[in-house]
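These are the residues of each chain, in order.
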Amino acid sequence: FPSHDRVVQYSNLGKTKMAGSLKVDTLTSDNGLTLTGGARSTPCTTIPGLTYTAATITLDLNAANNFEVGLANNATLANPTNLSNGQSGVIFIRQTLGSNTLSYGSYYKFQGNTAPTLSTAVNGIDALTYYVANSTTVILDAITNLVGS
């Protein structure tokens, strides 16, 4: 199939193979959807309206799978909106001034119930990988000190 910038609807086709790329805004299936090969999304979304001094950061999981957050003050990563079971992605955290802390809303769960210690260096970067288990549980794991310490 060539690349298209319009909605394409298929029904009752059984198994269908597509070659090439297909761009759609919405893709649904009555019988599930299986992707083989790579599936890619927009690499990163800076949270709309987020300033680096925001005290509360709320992710809208309809906006993207991957996010970038800059911390210039201590902040809270509030419970996200528009959760979809099975969604996963990465939240990149950058210390813009260094030594800021991040606390987490009640939906976020960590191994051993212990939130990670983030990088403290100016421009230090950490990655929080997430998986939405259900409407009130987001499992987080941290990859710290990607840049900085």
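Everything below is about the structure shown above.
These notes cover the structure that comes with them. (Residues numbered from 1 in each chain as written. Predicted model: local features only at pLDDT ≥ 70, side-chain atom pairs only at ≥ 80, totals over all residues. Heavy atoms only, no water.)

A few words now on the nonpolar core. Core analysis: the biggest nonpolar cluster contains 21 residues, and Leu77, Ile91, Leu102, Tyr104 and Leu140 have the highest contact counts within it. When contributions to this core are tallied by element, the ones reaching two or more residues are strand S3 (67-71), strand S4 (75-77), strand S5 (88-95), strand S6 (102-104), strand S7 (108-110), strand S8 (125-134) and strand S9 (137-147). For leucine 140, the residues in contact, after removing those within four places along its chain, are Ile91, Tyr104, Tyr108, Lys109, Phe110, Gln111, Leu128, Thr129 and Tyr130. (Core = buried A, V, L, I, M, F, W, Y, C linked by side-chain atoms within 4.5 Å. Buried < 20%, exposed > 50% of the residue type's maximum accessible area, 1.4 Å probe, protein only. Helix = DSSP H or I, 4+ residues; strand = E, 2+ residues; numbered from the N terminus. Contact = heavy atoms within 4.5 Å.)

Turning our eyes to something else, we now look at the packing of aromatic side chains. For the structure on display, the rule yields two aromatic pairs. Both rings, one in tyrosine 104 and one in tyrosine 108, keep their centres 6.3 Å apart while their planes meet at 70°; by these two values the pair is edge-to-face. For the pair formed by tyrosine 104 and tyrosine 108, the shared burial category is buried. Between tyrosine 104 and phenylalanine 110, the aromatic rings sit 4.8 Å apart at their centres with planes inclined by 70°, giving edge-to-face as the arrangement. (Phe/Tyr/Trp six-rings, centres within 6.5 Å; stacked < 30°, edge-to-face > 60°.)

Right, let's talk about empty space enclosed by the protein for a bit. Enumeration over the complete set of coordinates arrives at one cavity of 30 Å³ or more. Quantified by volume, the largest cavity comes out at close to 30 Å³. Considered class by class, the residues forming the lining of the largest cavity number eight nonpolar, no polar and no charged. (1 Å grid on protein atoms, 1.4 Å probe; cavity = no way out; pocket = protein on both sides within 12 Å on 5 of 7 lines; lining within 4 Å. Points joined across faces, edges and corners; volume = space filled by probe spheres on them. Nonpolar A, V, L, I, M, F, W, Y, C, P; charged D, E, K, R; others polar.)

By themselves, these figures tell us nothing about what the structure is for.
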